[in-house]
Amino acid sequence: MASIHISCTCSTAAAAAAPSSSLLQDGRRRAFLFAFFPSSSHLPTVTHCKRPGSLARVSLQDPVPQTSADPPAESQASPELRAAPAVRSTIWVNPNNPRASRLRQQSSESRYARLAQLAETLDSCNPTELEVAEKLSVLGEKPSEQEAVIVLNNMGNPETALLSLRWFQEKIRVKKDVILYNVTLKVMRKCRSWDGAESLLKEMLEKGVEPDNVTFSTIISSARVCNLPEKAVQWFERMGEFDCRPDDVTYSAMIDAYGRSGNVDMAMKLYDQAREEKRRLDPVTFSTVIKVYSTSNNFDGALNVYEEMKALGVKPNLITYNTLLDAMGRAGRPWQVKTIYREMESNGFSPNRATYAALVRAYSRARYPEDALRVYREMKGKGIELNVVLCNTLLAMCADLGYVDEAMEIFQEMKRSPELCKPDSWTYSSLITIYSCSGQVEEAESIFTEMVASGFEPNIFVLTSLIQCYGKAKKIDNVVETFDRMLKLDITPDDRFCGCLLNVLTEAPVEELGKVIECISRANPALGSLVKQLVDEKVEDKVIKVQAEELFTNIGKEVKKAYCNCLIDLCVNLDMLERACVLLDMALRLGIYSGLQSKSTTQWSLHVRSLSLGAALTALHVWMNDLSRALENGEDLPPLLGINTGHGKHRYSEKGLASVFESQLRKLNAPFHEAPDKVGWFLTTKVAAKPWLESRNSPTVAAV
DNA sequence: ATAGGGTTAG
């Protein structure tokens, strides 16, 4: 049996970077806009004069004309709320004159500002009837309903809002009491007071105030922000009792509520219902549905909605695009992100912060470093600040791909804008991983020191990274020391951390395996005992088989493959290939690995892309045995045989998997050759493979 | 901004 020694080195895999996309240049966007608005600078800036040609009396002391049909109440408010300051005279202005609308706008703005100011005052005053009434008295005895709406809408204190509502109800005898209730419901939602919202709604019903669609959409979205989806459903289902038929806004709110509560089927049912009832849905509803599909990982569904929306002639807006870009990013489909982004730009939209955030996330997650870093630099260039999550996302990508310099550039930038992007323990963890991958132990240690000096307690992530680093550098004593430190900090090792120890095990010199195994035993006794048996030649393979199967059915799904990779690597390192095969077989039976072999009429293939080096070589060994057996059984081979090692973007293989395979295939005298036109493939023909497999079958030639 | 729904993540 030939020995295969595995050394997991983390190299820079920058060469594997995807080609950068071509963002549309600004010029093209401008050209597009120009085609639609060739003389946009000549567009009139004043458009809201309703009666052109007529002379209207515009007095700055008059209340702003109300939009409702109600006759304006005689103003009795105190002058400082009614009038703009320092302008006392009544003037006559032609409404066609831009000055008129400007003055009117100014007056409306300052009036709004005063009412918003009043809301702020009410927010911070004592929640007593007396004090609230005192603050509100500046509105006079007969405030308008509009004033009430503006004040309440700007409030954020549920107690004083309720008292203000009472005051307004006292002063204003309006038929449409529902509006004041609705706007107060919004305050309850703003401060996430479900009880406040629901009791207000119940009060409405008791007093016989008819709720409307606005009431229901507000209560539904309140339930949503309060994480009470069942309440949203409950009220939604009661709409019929009040002769309310949900309109598009209510549907949209409810689709969102169902989506967030994980009831995708109901969300989609409502969407279909809304589509049947409504001739036209607006982009918000579509964005909501795209989001629902996206969060339930139905990414094709999300794309379909987008296509449907376009087919129905509804123009996507920026939020639609942002939602969709984010969905495709979550789906891990950076190519679709590019297509959609191009489409977005060609439709005249410029990216905003959320767009950029979606792009950074998408490209970072997909490990498209050129694109991710280009977007990052574009944001920096435009002065759009990133936040710590986005920066950390970029750093995690850099850590995976070994982009040391770029990571340092981002880290320095983060330190320069601490108010937005203050490095956190996540940041430090990525940096330690980066240095650990490039084998820079001292740099990793100094980052660790800097982190502690910045006031962060070492957490499990950071310590995992640090142990990884020491493992790569074969500093096993430091691994043990760090492990002890972790236990002293009362941190309980998790599955991932044990995976890290297993990884160290595959890198440690044989004479130091015992030290690492000791740590593993303390972190996870079951795993420790399996490893102890695994490295013991005296233990029989069938015992290993039983023990391993028991362990693997009981550990977390997300670490199964990683554990398997490590254990198989360990066996291969110790020249126990049969034992590695036992583990591989178990992994296939438990579905931990799948699709390793495939057969079509023209080609049989071996796929080792998600395997570690040892596991991949073990799979190769098994495949070749299978091929030999097929020949022995008189089966005919297809014209082509292929091995797919992948293009080396993932953590384990990098460029390593392909190059190890190349030398291993040479060692075996196997006639496979790297395909010049298919990256990551080794190919051979039936004609070349047959004699080789036959010679391999002769008993004098050892197995792999 | 003037009663209701939608882009926040590792």
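Identification of chain A as Smr domain-containing protein from Spirodela intermedia is taken from an unreviewed UniProt entry. In its Sequence similarities (unreviewed entry) section, UniProt records this for chain A: "Belongs to the PPR family. P subfamily."

Participant: Could you give an account of the protein's contact with DNA strand B, with specific residues and numbers?
Facilitator: Near DNA strand B you find 42 residues, and of these Tyr112, Lys186, Arg224, Arg361 and Asn392 are the closest. Each atom of DNA strand B within 4 Å of the protein belongs either to a base or to sugar and phosphate, the latter forming 41%. Between a base nitrogen of DNA strand B and a side-chain N or O atom of aspartate 282, the distance comes to 2.5 Å. Between DNA strand B and the protein, one listed contact pairs a base nitrogen with a side-chain N or O atom of asparagine 317 at 2.6 Å. Among the elements that take part in the surface near DNA strand B, helix H11 (residues 248–260) stands out by supplying six residues, more than any other. The class makeup of the residues in the surface near DNA strand B is 13 nonpolar, 15 polar and 14 charged.

Participant: I'd like a rundown of the domain arrangement of chain A, residues and numbers included.
Facilitator: Parsing chain A into structural domains produces domain 1 (386–492), domain 2 (508–589) and domain 3 (597–697). Centre-to-centre, using C-alpha coordinates, domain 1 lies 38 Å away from domain 3.

Participant: Go over helix H22 (residues 425–437), please, and point to the residues and values.
Facilitator: The first and last C-alpha atoms of H22 sit 18 Å apart over 13 residues, in line with the 18 Å expected at 1.5 Å per residue. Judged by how many residues are buried, H22 sits mostly within the fold: twelve of 13 residues are covered. Every buried residue of H22 is accounted for by Ser425, Thr427, Tyr428, Ser429, Ser430, Leu431, Ile432, Thr433, Ile434, Tyr435, Ser436 and Cys437. Among the residues of H22, the N-terminal cap falls to aspartate 424, whose side-chain oxygen and the backbone nitrogen of tryptophan 426 are separated by 3.0 Å. At the C-terminal side of H22, glycine 439 shows a positive phi close to 70°.

Participant: If you had to explain the environment of leucine 162 to someone new, which residues and values would you point to?
Facilitator: With respect to the helices, strands and loops of the structure, leucine 162 is situated in helix H6 (residues 158–171). Assessed through its relative accessible area of 28%, leucine 162 is described here as partly exposed. Beyond its immediate stretch of four places on either side in the chain, leucine 162 contacts Met188 and Leu200.

Participant: Please give an account of the pattern of salt bridges that cites residues and values.
Facilitator: Counted by the stated rule, this structure contains 34 salt bridges. Across the salt bridge formed by lysine 207 and glutamate 203, the nearest N and O atoms sit 3.8 Å from each other. Its salt-bridge partner being aspartate 300, residue arginine 333 comes within 3.1 Å of it at the nearest N-O pair. Here arginine 333 is found in the loop between helix H15 (318–330) and helix H16 (334–346), whereas its partner aspartate 300 is found in helix H14 (residues 299–311), with 33 residues between them in sequence. The class of aspartate 300 is partly exposed, set by a relative accessible area of 46%. One salt-bridge network, held together by shared partners, links Arg166, Glu203 and Lys207.

Participant: Explain the side chain of threonine 285 residue by residue, including any values.
Facilitator: As for its placement among the helices and strands, threonine 285 is situated in helix H13 (residues 283–295). In terms of polar contacts, threonine 285 uses its side chain to reach the side chain of aspartate 282, at 3.1 Å. With residues near it in sequence (within four places) discarded, threonine 285 still touches Asp248, Ser252 and Ile255.

Calculation notes
- Residues numbered from 1 in each chain as written.
- Chains lettered and ligands numbered in written order.
- Predicted model: local features only at pLDDT ≥ 70, side-chain atom pairs only at ≥ 80, totals over all residues.
- Heavy atoms only, no water.
- UniProt positions renumbered as here; feature names shortened; annotations may be inferred.
- Near = heavy atom within 4 Å.
- Polar contact = N/O pair within 3.5 Å; in protein donor to acceptor, adjacent residues only side chain to side chain.
- Helix = DSSP H or I, 4+ residues; strand = E, 2+ residues; numbered from the N terminus.
- Nonpolar A, V, L, I, M, F, W, Y, C, P; charged D, E, K, R; others polar.
- Domains from an automatic or database assignment.
- Expected span 1.5 Å × (residues − 1).
- Buried < 20%, exposed > 50% of the residue type's maximum accessible area, 1.4 Å probe, protein only.
- Contact = heavy atoms within 4.5 Å.
- Salt bridge = Lys/Arg side-chain N within 4 Å of Asp/Glu carboxyl O.

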